[in-house]
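Structural features, examined
Here is what each chain is made of, one letter per residue.
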Amino acid sequence: MVKIGTLDVWPPVVLAPMAGITNIAFRTLCREQGGGLFVCEMITSRALVERNPLTFEMIRFGRHERPRSLQLYGVDPAIIGKAARMIAEEDLADHIDLNFGCPVPKVTRRGGGSALPYKRRLLRAILREAVTNAGGLPVTMKMRKGIDDDHLTYLDAGRIAAEEGIAAIALHARTAKQHYGGAADWDAIKRLKDAVPDIPVLGNGDIWTADDALRMVAHTGCDGVVVGRGCLGRPWLFRDLENAFNGSPDRARPTLGEVTRTLLRHAELLCEVIGSERYGVADFRKHIGWYLKGFVVGAETRRVLALSTSLAELEDHLAELDHTQPWPGEAADGPRGKSGERQKVLLPHGWLDDPDELAIPSPDAEDATSGG
């Protein structure tokens, strides 16, 4: 059991917020498979405070969805404080996670995301405002190792977080420069755990299977894991993770027929959430390749599936596949979603001059782009 403030989480698994992915439909699907903490899509603090309708749509939770976890992103301590108070007073969520991991250039070049922890005083001010105003709700944070190998921030940031009352820290063991490329540095997770032994540390990066999660915990001593790209097209990973942390060797090895049934349920749930079959199916298209990864399905078939405009059409095309095709094993695992390394990290002019400068980025840094 990992204790995150007032929350007892078992298995010690967190679904990472992913833009356009971790909506009610996907969270429902994952929750049906296994336990853990399931975080909604990231929202910006400023949009929440300004009561942006789209933002309120993004933080909808299912009637039986507990605990409700919300990831908040922002760059201004005062606005973050207002957002945290609003979440607590209006009962919008049971847990607040703060994002300091986004490596997207249009965010970092304004001082947001994974660039922000370099400014230690600014980071401390944001964390203090969030914790002070959260009304007892657990506040956690997710971050990266730093900007690049020459500007690592995770150990200082971890110590600051512990001092300011953050309930748990998740570390994506890559730098912003790495983006989603290269290998995650699990040794960094171990160093962070050694630096802040009194609060839970959750490891993130290169968890494609439940056994990867067990290896990470054994290697680093971390208290739990955060799963992002590893569950794309693989919601049953949460069943595997629950089994793994409970000591069971049972792992899901679905046939193509079983995968297509899960795929269709996901599409149906998404249509319900969006309120339109046409737009729901269109939004679902990005998931098709992830579900079919490793299976022998021709390029033309994949193209036709991706052009489906209704649930019936999608179901008809899926019916043409060989449903007896067995689980493809290792060919189905490995990277999905974003990948590749950046040549350099875009930053505001003079950003690296003084890490103790209390420089608050402009509101433009609050781009509604999730990641981490």
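Let us look at the structure shown here. Here the structure is a predicted model, which means the values were calculated and not measured.

**Quick notes on helix 11 (residues 256–274)**
With 19 residues, helix 11 ought to run about 27 Å at 1.5 Å a step, and its terminal C-alpha atoms sit 27 Å apart, in line with that. Of all the positions in helix 11, only Leu256, Gly257, Val259, Thr260, Thr262, Leu263, Leu264, His266, Ala267, Leu269, Leu270 and Cys271 are classed as buried. Lining the buried residues of helix 11 we find helix 1 (24–33), helix 12 (277–292) and helix 14 (311–319). Two residues or fewer after helix 11 comes Gly275, characterised by a positive phi angle close to 85 degrees.

**Section: the packing of aromatic side chains**
Under the defined criterion, the tally for this structure stands at six aromatic pairs. Between the aromatic rings of Phe38 and Phe238, the centroid separation amounts to 5.2 Å while the plane-to-plane angle is 50 degrees, which identifies the pairing as tilted. Note that Phe38 is positioned in strand 4 (residues 37–38) and Phe238 in helix 10 (residues 237–245), a separation of 200 residues in sequence. Both rings, one in Phe295 and one in Trp327, keep their centres 5.9 Å apart while their planes meet at 75 degrees; by these two values the pair is edge-to-face. Taken together, the positions of Phe295 in the loop between helix 12 and helix 13 (299–306) and Trp327 in the segment after helix 14 put the pair 32 residues apart, joining distant regions of the chain. In this structure, Phe295 and Trp327 share a single accessibility class: buried.

**Comments concerning empty space enclosed by the protein**
In total, this model carries one cavity of 30 Å³ or more according to the counting rule given. For the largest cavity, the calculated volume is near 120 Å³. Contributing to the lining of the largest cavity are 17 residues, with Val14, Asp97, Thr140, Ala170 and Leu202 lying nearest its centre. The set of elements that each furnish at least two residues to the lining of the largest cavity consists of strand 7 (95–100), strand 8 (139–144) and strand 11 (168–172). Its residues assigned to classes, the lining of the largest cavity shows twelve nonpolar, three polar and two charged.

**Remarks on the packing of helix 11 against helix 14**
The N-to-C vectors of helix 11 and helix 14 enclose an angle of 170 degrees; their axes lie 11 Å apart at closest approach. Here helix 11 is positioned roughly antiparallel relative to helix 14, judged by the angle of their axes. Here Thr260, Leu263, Leu264, Ala267, Glu268 and Cys271 of helix 11 lie close against helix 14, whose contacting residues are Leu311, Leu314, Glu315 and Leu318.

**Points about the layout of surface pockets**
Size it by volume and the second largest pocket reaches roughly 290 Å³. Gly20, Asn23, Ile24, Glu41, Leu54, Glu57, Met58, Arg60, Leu270, Val273, Ile274 and Asp283 are the residues that line the second largest pocket. Mapped by element, the contributors of at least two residues to the lining of the second largest pocket are helix 3 (53–58) and helix 11. The residue makeup of the lining of the second largest pocket, split by class, is six nonpolar, two polar and four charged.

**Regarding the nonpolar core**
With 72 residues, the main nonpolar core has Leu72, Leu98 and Met141 as its most contacted residues. Not counting residues up to four positions away in its chain, the partners in contact with Leu72 are Ile43, Thr44, Ser45, Leu48, Ile80, Ala83, Ala84, Ile87, Ile96, Asp97, Leu98 and Asn99. In terms of nonpolar packing, the next biggest core, distinct from the first, is built from 26 residues, Val281, Leu292, Leu311 and Leu314 among them.

**Some thoughts on the sheet that holds strand 8**
Pairing between the strands of a sheet comes from backbone hydrogen bonds, and it takes one of two forms, parallel or antiparallel. Strand order across the open sheet formed by nine strands is 4-3-13-12-11-8-7-6-5, with parallel pairing between neighbours. Every other strand in the sheet has two partners, leaving strand 4 and strand 5 (43–44) as the edge strands with one partner each. With three bridges connecting them, strand 12 (residues 201–204) and strand 13 (residues 224–227) associate as parallel partners. Counterpart to Asn204 in the pairing with strand 13 is Val226. On top of the sheet, helix 4 (residues 77–89) reaches strand 6 (69–73) and strand 7; it is set at about 165 degrees to strand 6, its chief contact.

**Comments concerning the pairing of strand 6**
Looking along a regular strand, one sees the side chains alternate between the two faces of the sheet. Of all five residues in strand 6, five are buried; the element is thus mostly enclosed. Residues Ser69, Gln71 and Tyr73 of strand 6 are buried on one face, and the alternating residues Leu70 and Leu72, pointing to the opposite face, are buried as well. Bridging between strand 5 and strand 6 involves two bridges; their strand directions are parallel. Of the residues in strand 6, the one forming a bridge with Thr44 is Tyr73. Sheet analysis places strand 6 next to strand 7, joined by four bridges and oriented parallel. Note that in strand 7 the partner of Gln71 across the bridge is Asp97. Between the parallel elements strand 6 and strand 7, the chain passes through helix 4 in a crossover that is right-handed.

**With respect to the environment of Ile360**
With respect to the secondary-structure elements, Ile360 resides in the segment after helix 14. Relative accessible area serves as the criterion here: at 45%, Ile360 is assigned to the partly exposed category. The sequence separation of Ile360 and Ala210 amounts to 150 residues, and the corresponding C-alpha distance is 40 Å. Excluding residues that lie within four positions of it along the chain, Ile360 makes contacts with Val75, Asp76, Pro77 and Leu122.

**Remarks on the environment of Ser339**
Mapped onto the secondary structure, Ser339 falls in the segment after helix 14. Overall, the relative accessible area of 54% leaves Ser339 in the exposed class. If near-sequence neighbours (up to four positions away) are discounted, Ser339 is found in contact with His179, Tyr180, Gly181 and Arg229.

Conventions adopted
Residues numbered from 1 in each chain as written. Predicted model: local features only at pLDDT ≥ 70, side-chain atom pairs only at ≥ 80, totals over all residues. Heavy atoms only, no water. Helix = DSSP H or I, 4+ residues; strand = E, 2+ residues; numbered from the N terminus. Expected span 1.5 Å × (residues − 1). Buried < 20%, exposed > 50% of the residue type's maximum accessible area, 1.4 Å probe, protein only. Contact = heavy atoms within 4.5 Å. Phe/Tyr/Trp six-rings, centres within 6.5 Å; stacked < 30°, edge-to-face > 60°. 1 Å grid on protein atoms, 1.4 Å probe; cavity = no way out; pocket = protein on both sides within 12 Å on 5 of 7 lines; lining within 4 Å. Points joined across faces, edges and corners; volume = space filled by probe spheres on them. Nonpolar A, V, L, I, M, F, W, Y, C, P; charged D, E, K, R; others polar. Axes fitted to C-alpha atoms, helices over the stretch in contact; angles between N-to-C directions. Parallel < 35°, antiparallel > 145°, perpendicular 65-115°, else oblique. Core = buried A, V, L, I, M, F, W, Y, C linked by side-chain atoms within 4.5 Å. Pairing = 2+ DSSP bridges. Right-handed = clockwise from strand over helix to strand, strands pointing away.

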